Amino acid sequence: MLNCYHCGNEIIENEMLVFDDKKFCCKGCQTVYELFSDNGLTNYYDFEKNPGAKPKDADAKFNYLENADIVSKLLDFQEGSTQIVRLYIPHIHCSSCIWILENLNTLNSGISQSQVVFSQKKITIVFNSETVSLKEIVLLLASIGYEPYISLENFDNKPKLIDRNLLYKIGVAFFGFGNIMLLSFPEYFNVNDYWIHQYKDFFRYLNIFLALPVFLYSATPYYISAYHSIKAKAFNIDIPMALGIIVMFLRSLVDIFFQDGAGFLDSMCGLVFFMLSGKLIQQTTYNFLSFERDYKSYFPIAVTKIENKAEVPIQVYEIEKGTHLMIRNEELIPVDAVLLSDTAYIDYSFVTGEAVPVEKKSGDKIFAGGKQVGNAIVIEAVNSVSQSYLTQLWSNEVFQKRTSQKLKTITDRASRIFTPALLSIAFIGFIGWSFVSFNDAFNVLTAVLIVACPCALALTAPYTWGNVIRLMGKRKLYLKNTAVIEQLSKADALVFDKTGTLTSNKNQQIKYVGEHLTKEELMAVKNIVRGSNHPLSRRLYMFLPECNIKKPLLFNEIAGKGIEGVFEEYHLRIGSANWLEISDQLVVHDTKVYIEIDHKVKGYFVFENEYRKGIKKLFETLKDRNYQLYVLSGDNNGEEKTLRQLVSVDTQLVFNQKPEDKLRFIENLQSHGKNVLMIGDGLNDAGALAQSNIGISISENVNVFTPASDAILDAGAFTKIPYFLAFAKNAMKTIKMSYCLAISYNIVGLSFALSNQLSPLVAAIIMPVSTATIISFVTLMSGIYAKKSKG
Amino acid sequence: MGVIYILICISVFVAAVFLYLFIKSVKSGQFDDQYTPSVRMLFDDELKKKKNNKSQKQSN
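Residues numbered from 1 in each chain as written. Chains lettered and ligands numbered in written order. Predicted model: local features only at pLDDT ≥ 70, side-chain atom pairs only at ≥ 80, totals over all residues. Heavy atoms only, no water.

Let us look at the side chain of A:Gln372. Residue and element names in this part refer to chain A. As for its placement among the helices and strands, Gln-372 is situated in strand 14 (residues 371-372). A polar side-chain atom of Gln-372 sits 3.2 Å from the main-chain amide nitrogen of Tyr-345. Contacts of Gln-372, omitting those with residues within four sequence positions, involve Ile-327, Arg-328, Asn-329, Glu-330, Glu-331, Ala-344, Tyr-345, Ile-346 and Ile-377. (Helix = DSSP H or I, 4+ residues; strand = E, 2+ residues; numbered from the N terminus. Polar contact = N/O pair within 3.5 Å; in protein donor to acceptor, adjacent residues only side chain to side chain. Contact = heavy atoms within 4.5 Å.)

Chain-level pLDDT for chain B is 75 on average; 70% of the residues reach the 70-or-more range. Overall, residues 48-60 of chain B carries pLDDT values under 50, and its contacts beyond four positions in sequence, including any with other chains, amount to seven contacts. (pLDDT = per-residue confidence, 0-100.)

A few words now on the interface of chain A and chain B. The partner chain B presents 27 residues to the 34 residues of chain A that form the contact. The junction of chain A with chain B conceals about 2800 Å² of combined surface from both sides, 71% of it contributed by carbon and sulfur atoms. Here chain A is connected to chain B by zero salt bridges. Per-element tally for the side of chain A that touches chain B: the top contributor is helix 6 (residues 165-189) of chain A, with seven residues. Looking at the side of chain A that touches chain B residue by residue, the class counts come to 19 nonpolar, 12 polar and three charged. (Buried area = accessible area lost by both parts, 1.4 Å probe. Salt bridge = Lys/Arg side-chain N within 4 Å of Asp/Glu carboxyl O. Nonpolar A, V, L, I, M, F, W, Y, C, P; charged D, E, K, R; others polar.)

Moving on, we get to the UniProt feature "domain: HMA" (unreviewed entry) in chain A. The feature "domain: HMA" (unreviewed entry), as given by UniProt, occupies residues 83-149 of chain A in the numbering adopted here. Within the segment residues 83-149 of chain A, helix and strand shares are 27% and 30% respectively, and the terminal C-alpha atoms sit 19 Å apart. (UniProt positions renumbered as here; feature names shortened; annotations may be inferred.)

Here the focus is the packing of aromatic side chains. All names here are of chain A. The tally for this structure, following the rule as stated, stands at 29 aromatic pairs over all chains. Ring geometry for Phe-36 against Tyr-44: centres 5.0 Å apart, planes inclined by 75°, an arrangement best described as edge-to-face. With relative accessibility at 0%, the residue Phe-36 sits in the buried group. Residue classification places Tyr-44 among the buried residues on the basis of a relative accessible area of 0%. With centroids separated by 6.2 Å and ring planes inclined at 55°, the aromatic side chains of Phe-62 and Tyr-64 adopt a geometry described as tilted. Assessed through its relative accessible area of 3%, Phe-62 is described here as buried. Residue classification places Tyr-64 among the buried positions, given a relative accessible area of 7%. Among the aromatic side chains, those forming a connected cluster through ring pairs are Tyr-5, Phe-19, Phe-24, Tyr-33, Phe-36, Tyr-44 and Tyr-45. Lying across the ring of Tyr-222, Lys-279 places its NZ or CZ 5.0 Å from the centre. One residue, Lys-526, lies across the ring of Tyr-541, its end atom 4.4 Å from the ring centre. (Phe/Tyr/Trp six-rings, centres within 6.5 Å; stacked < 30°, edge-to-face > 60°. Buried < 20%, exposed > 50% of the residue type's maximum accessible area, 1.4 Å probe, protein only. Lys NZ or Arg CZ within 6 Å of the ring centre and 35° of its normal.)

Residues and elements named next belong to chain A. The seven strands lie next to each other as 16-28-27-26-17-24-25, forming an open sheet whose pairing is mixed. Edge positions in the open sheet fall to strand 16 (477-479) and strand 25 (652-654), since each of these has one partner strand only. Between one strand and the next, the sheet's axes are offset by a mean angle of 20°, whatever the strand orientation. Across five bridges, strand 17 (residues 493-497) lies against strand 24 (residues 628-632) in parallel orientation. Within strand 24, the position partnered with Phe-496 by the bridge is Val-631. Relative to the sheet, helix 15 (residues 483-490) contacts strand 16, strand 26 (676-680) and strand 27 (694-699), its axis offset from that of strand 27 by approximately 100°. (Pairing = 2+ DSSP bridges. Axes fitted to C-alpha atoms, helices over the stretch in contact; angles between N-to-C directions.)

Laid out in C-alpha cells, this is it:
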C-alpha cells in the first residue's frame, strides 16, 4: 500500500502523482508540497511522517471576511495597521504543525509573527493589515491544509484573562514554608544549647515576618470560602481549615511574644502549601476539549445572502424571515428555512447522529443545524436564528441554572460530622483543663484546633480525584472536573441515545437485497457510481469490492433522481424508487438505492446505521450490576425489533423523542429519585445532557465538536462504560479508606493535644507525615483500582 | 557567632530573589502553555539551514 507523502492517505493506484521523487495522492497535496519546497520549508516533513492534511477548496467559504464589521469582531487587537487574531485550527496535531505554522511569515511577508498554543490548537497571528488581509491569511492557512474553524462562538468572545493567582499563592506559601522550616531546625535539635538561647528571638521574629505573607495572602481562599460557608449555614471543610490556620498563627504570636515557645508557624505554612497544591492537582483540565459548547460553536459566523442576484456576506444574527441564503457544500444551515433549489442532501449527523444525509426537495422545510452535502443550494429563512427549532432548546432554564448548581461533595458531608465533633472536643478539653489552670486550658484549646486541622482529610479528595481524572483520561474518558467522578459512582439509571450513540455515525452497514449480481455486474455498478459526487454514491463506491477502474461509455447524472450509464455491455440505471418507477411497498424509512440493469430492476442497496460492536455485552454487564437502562430515540419505532435483540430484556425503549422530550424524560426519572447518567452525541441531546446528573457525550473524534456535557467519551472506549462506573465506585472506596487513615492520625494528634503535650516539634512531625502518607496512599490505591476495576 | 545574622539575612535574601523570579516567570506566561515551548526549542535554526542548502544547490 502506498501512502501520500503529504497527508499519509492511501494512494489510489492510477491517480498517483509523482513530484520531486515523492508520491502524492492528489493535486492538492502536491501543491502544498511545492509551496513548501519553494520556500525552503520541506523540514515540515522531517519532524513527523506524513503530517499534512489534504487542502480543501475554501475559495468562497470565507468571503464574509471581506466584511469589515465581521473582521473587527474576530480580531483580538487592532492598532493602526497592526492586527492580532487568534484562530482555532483543528488539524494541529504534531510538531510539524507547530513548525510550519510558526514559520508562516516565510509564506507571506505581511505576517510578522505567529505562535501556536498546542494544547488548545490555537494560533495567534500578528499581521500588518496594509499588506495582508485576514481573508488572505485564512485562505493561506486553508490552502496548506490548516483551515481555521470560525464559528459564531468567536463572534464576541474576547480572550479571557488567565487566572494565575493560585500559582502566586503557592509560590509565596512555599517560600514561607521552606525558610521557616530551615530556621526552625536549630531550635528543634539544639533545645538546651547555649547559643540557641542567645539567638532564638532572632529566629522567631524572622519566622513571624516570613509567615505574614502566607497568613495574609496565600491562605485567603480558605478565609473567603469559610466565610461564605458560614453565611450559607453549611459546614464545609474550609471552616475548620481557616480556623486551624488562624489559631495556629495567633497561638504562635502569643507563644513568641510571651517567650513560651517557638510557635507553629512552620506547620501553618506547610499546611497552606500542601492544601494549595491539592487545589492545583485538582485543576487538571483538558485544554483541547471544551465542555461548554452550545449551538454557537457549530454555527457559522456569517452566511451568504442573495440580494438582487448578488451574493453578500451577512452576519448570522442579521438573518430575518424571508432572507434568501446560499448554502455551499459542507456549510451549515443556521436557520429554519424552506428549500428553493431543486434538491438538497442535508447531513444531520451533528444534530441527531444520523449518518445518512436526508434528501430534500424544493419547497421542503429544512431545520437549522444540518449541513448541505453536494452542490450549493438556495434557501429562504422562515425564522430568525434564535427562534429556530434547534436553537430554542437553549432558552430552556437548564442551561442557565447549570453553572450555579453546587453539588454536595463527599468532603462536605464528612466535614458536617467532623466540624461539630472537633469543636465540641476542643470545648470539652478547654473546660476540663480550666479546672487546672486557665493558661493550660488555653493551650489545650488551641492545640486541639491546630492538630485536628483537617489537612489530611481535606487533601484526600483532591489527590484521589486528580489522579482518577488522569487515569480515566488515559483510557479515553475525559471528565470536565472532579465533581463528576462522585456523580459517576452514584449513577443508577443509564440513559442512552440511539442514533449516533448506540449506532456509529462513522460507519454504516450497506446491505444488498434482491437478485444476485454477478462479479461483472458489480464491477459495472462500481464504475458507474465512481463518477458521481452524491454522498450515497461515494459510500456505495467505498463499499463495493475492489475491481479494475475503467471509464464508463456513457455517464449521465440526473440531480435528485439517479445515474444512468453504460459500462461495457451493461446499461445501468441507479437511483431512487420513484425515478425507476418502482412502487415500494415497504414503509420507506431506510435509505435505498435501486439498481436496474438492462431495463430490469435487480434489487437495491439499503443503507443502515450500524450498531456499535459490543452493545449486547455492554447492556448485559450493566444489567447484572443492577443499573436501570433506557434507550431514547428521536426516530420512530421502525428499528425496535433489531434493537430489542441487542439490549437486555428489561431495557426501556422510548421512541419519537424530540429534544425537549428527552429533557423531560430525564427530569421525570430524577423526580423519582434516580441519579441519571445520560450518554448522547448530537445537539439534540444537549438538553438531556444538561439536565441529567452526569451527561457524557460520545464522539468518534474528541477533537471535533461535542455538545456541552460533563464528560467526553471517545467512541473507541464505548464498551468500557461499566469499567469507568466500577472505577468511580472504587475511587469512592479509596476516599473512605483514606478518611479512616486521616481520622486515626487525628486521634493520635488529639491525644497529644488533650494531654497538653503538643509541642511545636510534634506538630511539625505529625503534619507532614500524615500528609505524605495520605497522598501516597490515595495515589497508590487509585492506581491499583485503575488496573483492577472490572470492565 | 554574630556572623549568623548576616548569613541568615543573605540566605533569606537569596530565597526572596528566587521567589521574585518565580513570580516574574508566572506573570510572563511561562506556565500557561507547558507543551509548545518544549517542541519549539528543538527547531530554532532549521529554516536558515534549509535555505542555505538550497542556495548551495542552486550555486552548484
